[in-house]
Amino acid sequence: MTLINVNGTQHKLQVDPSTPLLWVLREQLNLTGTKFGCGISQCGACTVHVNGVATLSCITPLSAVDGQSISTIEGLAPSPDQLHPLQQSWIDEQVPQCGYCQSGQLMRAANLLAHNPSPSDADIDVAMAGNICRCGMYNRIRKAIKSAAGVQQFDPSQPTEGLANG
Amino acid sequence: MGKWSRRGFISAGVIAAGGLLVGVAIRPGNRAAKLSDSGAANGEKLLHIWLKLDRNNIVTAIVPHSEMGQGVGTALAQMLADELDADWNLVKFEEAPATGEFANYSILKAMLPSGGSDLPGFVLPSINGALITTAQALDLQITGGSISVRSTGAFGMRIAGAAVKEMLRNAAAEAWRVPVNEVIARDSQLVHQSSGRVEPFATFIDAAAEMTPPASPQLKQSSEFKIMGHHVERHDIPSKVDGTATFALDVRLPDMLYATVRRAPTFGGGIKTLDDSQARAIKGVVDIIQLPSADVSRTLGSFSTADSIAVVAEGYWPAKQGLDNLKIDWHETENDSVSSDSIFQQFDRDISANVDRESDISEGNLDAAMAGAKQIIEADYRVPYLAHMCMEPLNATAEVKNGRCEIWVGCQNPLGFRQAVADALGFDIDNVTVHNCLMGGGFGRKSLADYAIQAALLAAQVGRPVQLIWTREEEVRQDFYRPAVQSRFRAALDEEGHLTAWENTYVDKHEPVEAPLIPYAVAARDIGHVSSPTHIPFGAWRSVAHSQHCFFTESFIDEVAAAAGQDPYEYRAARLAHRPRQLAVLQKVAEAADWGRPLAAGRGRGISLQQGFGSIVAQVVEVSITGGEVQVDRVVAAVDAGFAVSPDGLTAQIESGIVYGLTAALYGEITIENGAVKESNFNDYQMLRMSAMPKIETHIINSGNPMGGAGEPGTPPIAPALTNAIFNATGQRIRQLPIKNIDLQGLS
């Protein structure tokens, strides 16, 4: 039995504890926004937050997150009628093309801004180095991060109304 | 418009829900018919249905193309809505179902001046080649070859929008008893200004449905466009920032199992012995299945289902654990000793032997020009095999029961996939339903149905829905690769450095046929190819043969300019007087890039020019070389796609194409060892990442020429512009990609 809190909801899971968190999210919890890209921590499509830290769910066994709080793309927005500033800037800058990598990009970027509200280009290069976009929208991602940086108000790793982490 | 009126007709009718449905069909002559009986009259069928208007005044564009990131639905809906004078906020789009009514082969074939020879190359194997010459309507529904806007949009969406506007105006004029020329359409309303009457489009649905649509409605001049050419936000983006966009991998069915698969690593190999005892012992593993032989003859030349072994389990993870614990001995094959080296040796040998060389073009007296040359330069170029590496690994979800198959898949040819799955299962096509999903990248890979066939065969065997998910390693090792190519050049220059002869021989002809041709004026030229087949499966890769040949030809013309002691931009421009459109694009990029401005030591600038998919693109690259490392600082692109329907969409596609080509030029290499692919995943098949990203500036030229494609034309020019820039910085000519293999130490 493993206990995890995902986007504010507690789950008791009877799953092989060696199963990577990615597959638990996608198959047991039906949270399909987190994507499979490589399975070996090389592409970043599976990025989620574990206790507020960006984590690659494809190589994180369920046993390693027992009792922890997890945020996924489905929990990035502060409330159902409000977008996270990064989600809004992603729309404003028309970032996604195919969109498949964007959950991971957004979760990684949210983690960056949570810890560094006004990142430099070099900071962005370092933070986003693990996230591949095959549509090549890196410049738009960079621009969207910078435009959201000025209005960052919400840290998905912190408890807020509607997101009872903990 | 003349072309359209000879070949098509438009029909309309009221659909069950009470909305107006308007479509365009292909048949000889210029006849109109009601939608309901359009198929009955001569056994012909309505091939396209583009527009729905409902009682709530919502216009829906029905898009017979697949979304793989390119924003096709938005661009096509813009074209339809603009001609209709609809309110953009009341316009939606949806992807057409995979049925024959939405096949787009016929519209392509009818509209392309070449009668179909300009079709994207990947179509050819999928329809078995010969059929293309027949007049039959074929069940194809392809997205590729950068065709959507320039064919479906230009010849379908705009006409449907304009025709419906005329019908609605006529309906309003009749109801209001005013002359039709006093009724205008504006923002999804009909307006009679002098009487002040205003009614939404929807008021006139029933009256319009009784009308015969005009076959040649008046289209707008580009100066009248209100939605085309203007920035609109893509409709699909909000769902791509909150995790709700549904890709094929996100499909969930009751009682669904998961599977993953491995095929013989050496192409053409098969399973000799299998020990699956350890795999079967893994908790959650349900079954281990060697796929049966199936009929794939109509869809895939070299693919065999019987060399696939799949693990079916309660989840992907146990399936993957099962796969990793299979002990498989593969049959030996005649290709077990083939390597990248041996393949390139074969190419070199076959080009030198020059057996059965076929000319693409032969003009002027090549021998005399070579004999009279002041200077002859020669070079050989090579590019390796490349994988596609879509972000979303190949997957498909299938359910087979009661003699029917339903399949959920992201693909570039839903109708072709439907036929492929039907063939493999031995079903009639009517018993197969394809639900096409968003694609996490396509790039040509998802035009081939191997993964869908595997899923269908598994589901048939298991008797429960199965979601087949390939490992990334399988995706790298079982691709239909961009072909490796070698290309040999010889050029003659006269006393003044003028190019007098251009000779080029390369291995293996691929689509499009014009890819190796150069736009530059030269009196004598002979471009041709020899056959040098290998056992490596190949397929369409973003921009198809242009991606290799643009690197070859735009590098070698740079060599010619250098041999002449002339500036590479000036040298090109001087040979484009007969091609004013190309010249304008080249001049635009040079001006935007400030071509003449001197650069610091260790920096370099290169240029290239390319025509393909109806568009012309030129690029200038600036690089810095430091400690043997290449940094791409800046890419300036100029693009003439006729008219940019969606300027931000075009800009994004050019950027995307540049990054795709840049990634390949810097890092891309599939290595063959022992007849199989050596690379496995993103750890050894490197991708361009954020820190290596250059600045990209895209300049759009609206030339007024017929609309061209956007998805592919950005890719080919980047490799030669980059290597020409490295030459400019270092004096080193790069004739083999990828650049990561080139030692640039000591040159910085």
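Residues numbered from 1 in each chain as written. Chains lettered and ligands numbered in written order. Predicted model: local features only at pLDDT ≥ 70, side-chain atom pairs only at ≥ 80, totals over all residues. Heavy atoms only, no water.

Colleague: Where do I start with the overall build of chain B in this structure?
Modeller: Counting its regular elements, chain B contains 18 helices and 28 strands. Expressed as a percentage of its 748 residues, the buried residues of chain B come to 63%. A sequence separation of at least 24 residues applies to 75% of the contacts in chain B between residues at least 6 apart. Surface accessibility of chain B: about 26100 Å² in total, with carbon and sulfur atoms responsible for 47%. (Helix = DSSP H or I, 4+ residues; strand = E, 2+ residues; numbered from the N terminus. Buried < 20%, exposed > 50% of the residue type's maximum accessible area, 1.4 Å probe, protein only. Contact = heavy atoms within 4.5 Å. Areas by Shrake-Rupley, 256 points an atom, 1.4 Å probe, with all protein chains shown as cover.)

Colleague: Quick question: what am I supposed to make of the side chain of Thr333(B) here?
Modeller: All names here are of chain B. Tracing the chain through its elements places Thr 333 in the loop between strand 13 (327-330) and helix 9 (340-353). From its side chain, Thr 333 meets the backbone nitrogen of Asn 335 in a polar contact 2.9 Å long. Side chain to side chain, Thr 333 and Asp 336 meet in a polar contact 2.9 Å long. (Polar contact = N/O pair within 3.5 Å; in protein donor to acceptor, adjacent residues only side chain to side chain.)

Colleague: Looking at this structure, how should I read the side chain of Asn57(B)?
Modeller: Residue and element names in this part refer to chain B. Following the sequence through the fold, Asn 57 ends up in the loop between strand 3 (48-53) and strand 4 (59-63). For Asn 57, the side chain forms a polar contact with the main-chain oxygen of Ser 188, separated by 3.0 Å. A distance of 2.9 Å separates the side chain of Asn 57 from the backbone nitrogen of Ala 202, its partner in a polar contact. Once residues within four sequence positions are removed from consideration, Asn 57 is found in contact with Leu 90, Ser 188, Pro 200, Phe 201 and Ala 202.

Colleague: Got a minute to help me understand helix 5 (residues 138-149) of chain A in this structure?
Modeller: One full turn of an α-helix is made of 3.6 residues, so residues set three or four places apart face in the same direction. Taking 1.5 Å as the rise per residue, helix 5 of chain A with 12 residues should run 16 Å; its terminal C-alpha atoms sit 16 Å apart, in good agreement. Along its buried surface, helix 5 of chain A packs onto helix 2 (85-92), helix 3 (102-115) and helix 4 (121-127) of chain A together with helix 17 (647-667) of chain B. (Expected span 1.5 Å × (residues − 1).)

Colleague: Explain unusual backbone geometry to me, please; I cannot follow it from the model alone.
Modeller: Excluding glycine, residues mostly have negative phi values, and the peptide bonds linking residues are mostly trans. Residues and elements named next belong to chain B. A cis amide bond, omega -10°, links Glu 511 with the succeeding residue Pro 512. Here Pro 512 shows up in the loop between strand 21 (499-507) and strand 22 (524-530). Between Leu 737 and Pro 738 the backbone carries a cis peptide bond, its omega angle lying at 5°. Although it is not a glycine, Asn 57 adopts a positive phi angle of roughly 70°. Overall, Asn 57 belongs to the buried group, its relative accessible area being 7%. In this structure, Phe 613 takes a positive phi of about 60° despite not being glycine. Residue position: Phe 613 is located in the loop between strand 23 (603-612) and strand 24 (615-626).

Colleague: So what exactly am I meant to see when it comes to the sheet that holds strand 28 (residues 695-701) of chain B here?
Modeller: Residues and elements named next belong to chain B. In space, the four strands of this open sheet follow the order 23-24-25-28, with mixed pairing throughout. Both outer strands of the open sheet, strand 23 and strand 28, are each paired with one neighbouring strand and no more. Strand-to-strand, the axes of this sheet are offset by a mean angle of 15°, without reference to chain direction. Of the strand pairs in this sheet, strand 25 (residues 629-640) and strand 28 are connected by seven bridges, and their pairing is parallel. Bridged to Ala 637 within strand 28 is Thr 698. (Pairing = 2+ DSSP bridges. Axes fitted to C-alpha atoms, helices over the stretch in contact; angles between N-to-C directions.)

Colleague: Is there a simple way to think about the interface of chain B and chain A in this case?
Modeller: When the parts of a complex come together, some accessible area is lost, and that lost area is often taken as the interface size. Each partner contributes residues to the interface: chain B has 59 residues there, and chain A has 49 residues. Broken down residue by residue, the surface that chain B buries against chain A is led by Val241(B), Met391(B) and Met690(B), which jointly contribute 19%. At the junction of chain B and chain A, the tally comes to four salt bridges. Notably, a salt bridge pairs Asp250(B) with Arg26(A), separated by 3.0 Å at the nearest N-O pair. Seen at the junction of chain B and chain A, the total is 24 residue pairs in polar contact (both at pLDDT 80 or more). Looking at the side of chain B that touches chain A, the elements with two or more residues in it are helix 8 (316-324), helix 13 (472-477), helix 17 and strand 28 of chain B. Among the elements that make up the side of chain B that touches chain A, the one with the highest residue count is helix 17 of chain B (nine residues). Residue composition of the side of chain B that touches chain A, by class: 29 nonpolar, 15 polar and 15 charged. (Buried area = accessible area lost by both parts, 1.4 Å probe. Salt bridge = Lys/Arg side-chain N within 4 Å of Asp/Glu carboxyl O. Nonpolar A, V, L, I, M, F, W, Y, C, P; charged D, E, K, R; others polar.)

Colleague: Is there a simple way to explain the pattern of salt bridges in this structure?
Modeller: Any two side chains of opposite charge can pair, on the condition that their charged atoms come close. Residues and elements named next belong to chain B. Per the counting criterion, the structure on display carries 47 salt bridges over all chains. Here Asp 82 makes a salt bridge to Lys 220, at a shortest N to O gap of 2.7 Å. With Asp 82 in helix 2 (residues 72-84) and Lys 220 in the loop between helix 6 (205-209) and strand 9 (257-263), this pair connects stretches of sequence that are 138 residues apart. For Asp 82, a relative accessible area of 0% gives the class buried.

Colleague: What is the right way to read empty space enclosed by the protein from this model?
Modeller: Over the atoms a probe the size of a water molecule is rolled, and this reveals where empty space is left. Residue and element names in this part refer to chain B. Per the stated rule, a full pass over the model turns up eight cavities of 30 Å³ or more. If you add up the space inside the second largest cavity, you get close to 100 Å³. Around the second largest cavity sit 14 residues that line it, and Arg 482, Ser 547, Gly 661, Ala 664 and Ala 719 are the ones nearest its centre. Counting residues per element, the lining of the second largest cavity draws most heavily on helix 17, which supplies three residues. The class makeup of the residues in the lining of the second largest cavity is nine nonpolar, four polar and one charged. (1 Å grid on protein atoms, 1.4 Å probe; cavity = no way out; pocket = protein on both sides within 12 Å on 5 of 7 lines; lining within 4 Å. Points joined across faces, edges and corners; volume = space filled by probe spheres on them.)

Colleague: What is the right way to read the environment of Gly104(A) from this model?
Modeller: Positionally, Gly104(A) belongs in helix 3. With relative accessibility at 0%, the residue Gly104(A) sits in the buried group.

Colleague: Please explain the nonpolar core as it appears in this structure.
Modeller: Most often, soluble globular proteins have nonpolar side chains that are buried together. Of all hydrophobic cores here, the largest spans 159 residues; its most connected members are Trp90(A), Ile145(A), Trp502(B), Val623(B) and Leu722(B). The element best represented in this core is helix 17 of chain B, accounting for 11 residues. Core analysis: the next-biggest nonpolar cluster, separate from the first, contains 44 residues, Leu53(B), Phe201(B), Met228(B) and Phe643(B) among them. (Core = buried A, V, L, I, M, F, W, Y, C linked by side-chain atoms within 4.5 Å.)

Colleague: Just to check I follow, could you spell out the environment of Tyr138(A) for this structure?
Modeller: Structurally, Tyr138(A) is set in helix 5. With relative accessibility at 1%, the residue Tyr138(A) sits in the buried group. In contact with Tyr138(A), other than residues within four places in its own chain, are Asn131(A), Ile132(A), Cys133(A), Val659(B), Leu688(B), Arg689(B), Met690(B) and Met693(B).

Colleague: Would you mind showing me how to read the packing of aromatic side chains here?
Modeller: Aromatic ring pairs: the centre-centre distance and the angle between the two ring planes describe each pair. All names here are of chain B. For the structure shown, the criterion picks out 19 aromatic pairs over all chains. Taken together, the aromatic side chains of Tyr 381, Phe 489, Trp 502, Phe 551, Phe 552 and Phe 556 make up a single cluster linked through ring pairs. Cation over ring: Arg 482 sits above Trp 541, and NZ or CZ is 5.2 Å from the ring centre. Across from the ring centre of Trp 595, 5.9 Å away, lies the NZ or CZ of Arg 605, which sits over that ring. (Phe/Tyr/Trp six-rings, centres within 6.5 Å; stacked < 30°, edge-to-face > 60°. Lys NZ or Arg CZ within 6 Å of the ring centre and 35° of its normal.)

Colleague: Help me understand the environment of Asp307(B), please; the structure alone is not making it clear to me.
Modeller: Residues and elements named next belong to chain B. Secondary-structure assignment places Asp 307 in the loop between strand 11 (285-290) and strand 12 (308-313). Asp 307 sits in the buried class, given a relative accessible area of 4%. The spacing of Asp 307 and Gly 269 is 38 residues in sequence and 6.9 Å in space, taken between C-alpha atoms. Dropping the residues within four chain positions of it, Asp 307 is found in contact with Arg 262, Arg 263, Ala 264, Gly 269, Gly 270, Ile 271 and Trp 330. Within the structure, the side chain of Asp 307 is placed 3.1 Å from the side chain of Arg 263, a separation counted as a polar contact.

Colleague: Before we go on, may I ask you to explain the sheet that holds strand 21 of chain B in this structure?
Modeller: Hydrogen bonds between backbone atoms are what pair the strands of a sheet, whose relative direction is either parallel or antiparallel. Residues and elements named next belong to chain B. Strand order in the open sheet made by the five strands is 14-22-21-20-15, with mixed pairing throughout. Among the strands making up the open sheet, the edge pair consists of strand 14 (358-363) and strand 15 (375-383). Each strand of the sheet is rotated relative to its neighbour by a mean of 10°, with strand direction disregarded. Note: strand 20 (residues 485-493) against strand 21, seven bridges, orientation antiparallel. By the bridge assignment, Ala 491 is partnered in strand 21 with Trp 502. Its contacts with the sheet put helix 9 on strand 15, strand 20, strand 21 and strand 22, and the angle it makes with strand 20 is roughly 40°.

Colleague: Any chance you could explain helix 8 of chain B here in plain terms?
Modeller: Summarising burial for helix 8 of chain B: seven of the nine residues are buried, a large majority. Taken residue by residue, helix 8 of chain B has Tyr316(B), Trp317(B), Pro318(B), Ala319(B), Lys320(B), Gly322(B) and Leu323(B) as its buried positions. Packing partners of the buried residues in helix 8 of chain B comprise helix 1 (21-28) of chain A together with strand 9, helix 7 (277-280), strand 11, strand 12 and strand 19 (466-469) of chain B.

Colleague: What am I meant to see in the confidence of the model for chain B here?
Modeller: Keep in mind that low pLDDT regions are not for reading the predicted coordinates in detail. All names here are of chain B. Averaged over every residue, the pLDDT of chain B is 87; the share at 70 or more is 85%. Residue range residues 25-48 is modelled with pLDDT below 50. Its contacts to residues more than four positions away, or to other chains, number 75 contacts. Every residue in residues 105-140 is under pLDDT 50, and counting partners more than four places away or in other chains gives 80 contacts. (pLDDT = per-residue confidence, 0-100.)

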